[in-house]
Amino acid sequence: MISPDSRLQHHPDVAWRLVQEDALLVDPHTGRIFPLNPVAARIWTLMDPSRQVSEIVEILVNEFDAPHENVREDAYEFIEKLLSANLVVPAPGRVGKGSSQQ
Amino acid sequence: MTRMNGTGVGGPAQRRVDEICLRADALQIPLQAIVELTYRCNLDCVHCYCRHLTNTQGRQELTTEEWRRVLDQLAPLGVLNLTLSGGEIFVSRDFWEIVHHAKSLHFSLTLFTNGTMIGEKQADLLAELRPTSIEMSVLGPTEESHDSLTKTRDSWRRLMRAAELLNERNLPFVFKTTLMKENILQQYEIERMARLCGCQAYKNGTEISPCNDGNREPQRHQIGQRALFDYFIDERSGKPVLPEEQPTRELSLRKGTCGAGVNGCAVNPYGDFLPCIQLMMPFGNVRERSLRDMWQDPPEQIAQIRRTKAYGQIVACAQCDMIDYCRRCHGLAHLETGAWDSCYDEARKTAAVIRAVVNFKRERILPVFEG
């Protein structure tokens, strides 16, 4: 589970590139390719060990002019998917209380 | 706000991947690139297109620092899939430094290697690097057959050791075979052996390119039309997909050409920036201009290739009776004839075989090939 103060980072093995506003991710462990739409790609590029999930949500709310609750719900759902696919991992050292890092 | 579905995590992602790739094509974003780090190799394979190419005309291979700059420029061009090839990549003194730099730029890495220089230490480093794919060439099912084609003693034993080391580290690898006169009859033995070695995938092909300088010596090993017909007709393993029946003329004219210089590019050991590893028509050289400049402002001939999206736009193809079956390669046409848009012998020969296969499947008439 992630929480507002979770900090996550890209899995270091994941290859990725922006294609205009979309993105393609490649997981070398499985060979799978993941296409991201513009909002998902924006979350991906915002994901940084220095940034909490709540900060990412705030940025999205401003950029996409959408209700906070909707953005939060979508962002959390997407980030959970990234976590479960092991495409992102909890940032070391500064982990939110709800992080899945042991 | 757009919902963030279609992320591909558990969803039907392939259609979205295809859409993004098509858009990249339309925008001329090169998602694929091959870099040939060196033409030097520790083997001497009979069919290699890089033979005789080391230090041609005193040209110097790119230095490590120059390769770093090339990679720094390939990433912002949009390259995602980066293949490191040779020669033999592990002969390149600074291979590890270059490949780690590539990884830091988030490329999806594919390594082409003959496998013979992968020992314990290299296997450990590869496990740490975690490339998307490692592709190793295997030319025969036994030590004797493989070594006779690499012209190097012990190359088989070392390749088998590499497979073992990669397996021990759960590193998936692909075995691939260039089928030629000398090993075409062993194709299923090779595949069986490759799968027993634990390869994640196996692939083979029959095409042999001339050397980059136009020397056609390697093609002496290419199988003839009869053997190629037998190869295509035998459906036991993953062969190229052939048309089930003759396509309409209209469809053939609209058939897409390759993505050389559009969705892909290459850099050779001397810094020539090419539309494709096979097409020896450089945009320019990385020592003289930036990759972005060259990509955005190509020589007229490359601009012409980019405008040529379909076979029907190539005069020689539009008039050709083999267009329905042809799988032309601009690079091979250029190497064989000096013109990327001309017809060439090998394309016609292969197209004739594919036509015979399609006819055979429909009418059960065995073709007669010359020679």
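Not measured: the values here are computed from a predicted model.

Trainee: With reference to specific residues and values, describe the overall build of chain B.
Mentor: Broken down by element type, chain B carries 14 helices and nine strands. For chain B, whose C-alpha radius of gyration is 21 Å, the value lies close to the compact-globule estimate of 21 Å for 371 residues. Projected onto its principal axes, the C-alpha coordinates of chain B cover approximately 55 × 55 × 55 Å. Residues counted as buried form 44% of the 371 residues belonging to chain B. Taking the intrachain contacts of chain B between residues at least 6 apart in sequence as the baseline, contacts between residues at least 24 apart amount to 69%.

Trainee: Now, about helix H3 (residues 68-84) of chain A: what can you tell me, with residues and values included?
Mentor: Residue and element names in this part refer to chain A. Helix length check: H3, at 17 residues, gives a terminal C-alpha distance of 24 Å against a target of 24 Å (1.5 Å per residue), a fit within 8%. Taken as a whole, H3 has its buried residues at Val71, Asp74, Ala75, Phe78, Ile79, Lys81, Leu82 and Leu83. Residues of H3 that are buried in the fold lie against strand S1 (8-10), helix H1 (38-46), helix H2 (53-64) and strand S5 (88-90). Just downstream of H3, asparagine 86 is the residue with a positive phi angle, here 60 degrees.

Trainee: Break down the confidence of the model for chain A for me, citing the residues and quoting the values.
Mentor: Residues and elements named next belong to chain A. The predicted model of chain A averages 89 in pLDDT, with 90% of residues at 70 or higher. Per-element confidence in chain A ranges from a low mean pLDDT of 94 for H2 to a high of 98 for strand S2 (residues 15-19). Here residues 95-102 is a poorly scored stretch, pLDDT under 50, and it has 21 contacts once near neighbours within four places are set aside; other chains count.

Trainee: Pulling in residues and values, what's your account of the interface of chain A and chain B?
Mentor: Interfaces are often described in size by the accessible area the parts lose on coming together. Counting from both sides, the interface comprises 28 residues of chain A and, opposite them, 23 residues of chain B. Mapped by element, the contributors of at least two residues to the side of chain A that touches chain B are S2, strand S3 (22-27), strand S4 (32-36), H1 and H3 of chain A. The biggest single contributor to the side of chain A that touches chain B is H3 of chain A, with six residues. Taken together, the residues of the side of chain A that touches chain B break down into 19 nonpolar, four polar and five charged.

Trainee: Explain the sheet that holds S3 of chain A to me, using residue names and the numbers behind them.
Mentor: Taken in spatial order, the three strands line up as S2-S3-S4 (chain A) in an open sheet, and their pairing is antiparallel. In the strand order of this sheet, the two ends are held by S2 and S4 of chain A, each with one partner. With direction set aside, neighbouring strand axes in the sheet form an average angle of 15 degrees. One ladder, built from five bridges, connects S3 of chain A with S4 of chain A; its direction is antiparallel. Residue pairing in the sheet places leucine 25 of chain A in a bridge with phenylalanine 34 of chain A of S4 of chain A. The strands that H1 of chain A touches are S2, S3 and S4 of chain A; relative to S3 of chain A, the one it contacts most, it runs at about 60 degrees. Contacts from helix H1 (residues 14-26) of chain B reach S2, S3 and S4 of chain A within the one sheet, and its direction differs from that of S4 of chain A by about 70 degrees.

Trainee: I'd like to hear about the confidence of the model for chain B, residue by residue, with values.
Mentor: Residues with a pLDDT of 70 or more make up 94% of chain B, whose mean pLDDT is 92. Below a pLDDT of 50 lies the segment residues 5-10 of chain B, which in the model reaches 18 contacts outside its immediate sequence neighbourhood of four places, other chains included.

Trainee: Could you give an account of the pairing of S2 of chain A, naming the residues involved and the relevant values?
Mentor: Successive side chains on a regular strand alternate, one facing one side of the sheet and the next facing the other. All names here are of chain A. Taking burial as the measure, the five residues of S2 include four buried ones, the bulk of the element. With five bridges joining them, S2 and S3 adopt antiparallel strand pairing. Bridging from a neighbouring strand, arginine 17 pairs with leucine 24 of S3. Here S2 folds back onto S3, and the loop between the two strands holds two residues, one of which, glutamine 20, carries a positive phi near 55 degrees.

Trainee: Explain the pairing of strand S7 (residues 264-267) of chain B residue by residue, including any values.
Mentor: Residue and element names in this part refer to chain B. Because side chains alternate across S7, one face comprises the buried residues Gly264 and Ala266, and the other comprises Cys265 and Val267, equally buried. Here strand S1 (residues 32-36) pairs with S7 via four bridges, running parallel. Opposite alanine 33, over in S7, you have cysteine 265 as the bridge partner. Across two bridges, the pairing between S7 and strand S8 (residues 272-274) is antiparallel.

Trainee: Break down the sheet that holds strand S4 (residues 133-137) of chain B for me, citing the residues and quoting the values.
Mentor: Residues and elements named next belong to chain B. The strand order S6-S5-S4-S3-S2-S1-S7-S8-S9 describes an open sheet built from nine strands, whose pairing is mixed. The strands lining the two open edges of the sheet, one partner per strand, are strand S6 (201-205) and strand S9 (284-285). Relative to strand S5 (residues 174-178), S4 runs parallel, the two sharing three bridges. Paired with glutamate 135 across the two strands is valine 174, which belongs to S5. The sheet strands contacting helix H7 (residues 187-196) are S5 and S6, and the helix crosses S6 at an angle near 155 degrees.

Trainee: Explain unusual backbone geometry to me, using residue names and the numbers behind them.
Mentor: In the segment running from glycine 86 of chain B into glycine 87 of chain B, the intervening peptide bond is cis, with an omega of 20 degrees. Mapped onto the secondary structure, glycine 87 of chain B falls in the loop between strand S2 (81-85) and helix H3 (95-104). One non-glycine residue, glutamine 20 of chain A, adopts positive backbone phi at about 55 degrees. Relative to the helices and strands, glutamine 20 of chain A is located in the loop between S2 and S3. Look at histidine 106 of chain B: it is not a glycine, yet its phi comes out positive at around 70 degrees.

Trainee: I'd like a rundown of the nonpolar core, residues and numbers included.
Mentor: For soluble globular proteins, nonpolar side chains are generally found buried alongside one another. Ranked by size, the top nonpolar core spans 104 residues in total, and within it Leu24, Leu25 and Ile79 of chain A together with Val35, Leu82, Leu84 and Ala266 of chain B carry the most contacts. Apart from residues lying up to four places away in sequence, leucine 25 of chain A is in contact with Val14, Trp16, Phe34, Leu36 and Leu87 of chain A. Formed by 21 residues, the second largest nonpolar core is a distinct cluster that contains Leu179, Ile208, Ile223 and Ile354 of chain B.

Trainee: Please give an account of the environment of serine 50 of chain A that cites residues and values.
Mentor: Within the element layout of this structure, serine 50 of chain A appears in the loop between H1 and H2. Taking the C-beta count within 10 Å as the criterion, serine 50 of chain A has 9 such neighbours and is therefore assigned exposed.

Parameters at a glance
- Residues numbered from 1 in each chain as written.
- Chains lettered and ligands numbered in written order.
- Predicted model: local features only at pLDDT ≥ 70, side-chain atom pairs only at ≥ 80, totals over all residues.
- Helix = DSSP H or I, 4+ residues; strand = E, 2+ residues; numbered from the N terminus.
- Rg over C-alpha atoms; globule rule 2.2 N^0.38 Å.
- Buried ≥ 20, exposed ≤ 12 C-beta atoms within 10 Å, placed from the backbone.
- Contact = placed C-beta atoms within 7 Å.
- Expected span 1.5 Å × (residues − 1).
- pLDDT = per-residue confidence, 0-100.
- Nonpolar A, V, L, I, M, F, W, Y, C, P; charged D, E, K, R; others polar.
- Pairing = 2+ DSSP bridges.
- Axes fitted to C-alpha atoms, helices over the stretch in contact; angles between N-to-C directions.
- Core = buried A, V, L, I, M, F, W, Y, C linked by C-beta atoms within 7 Å.

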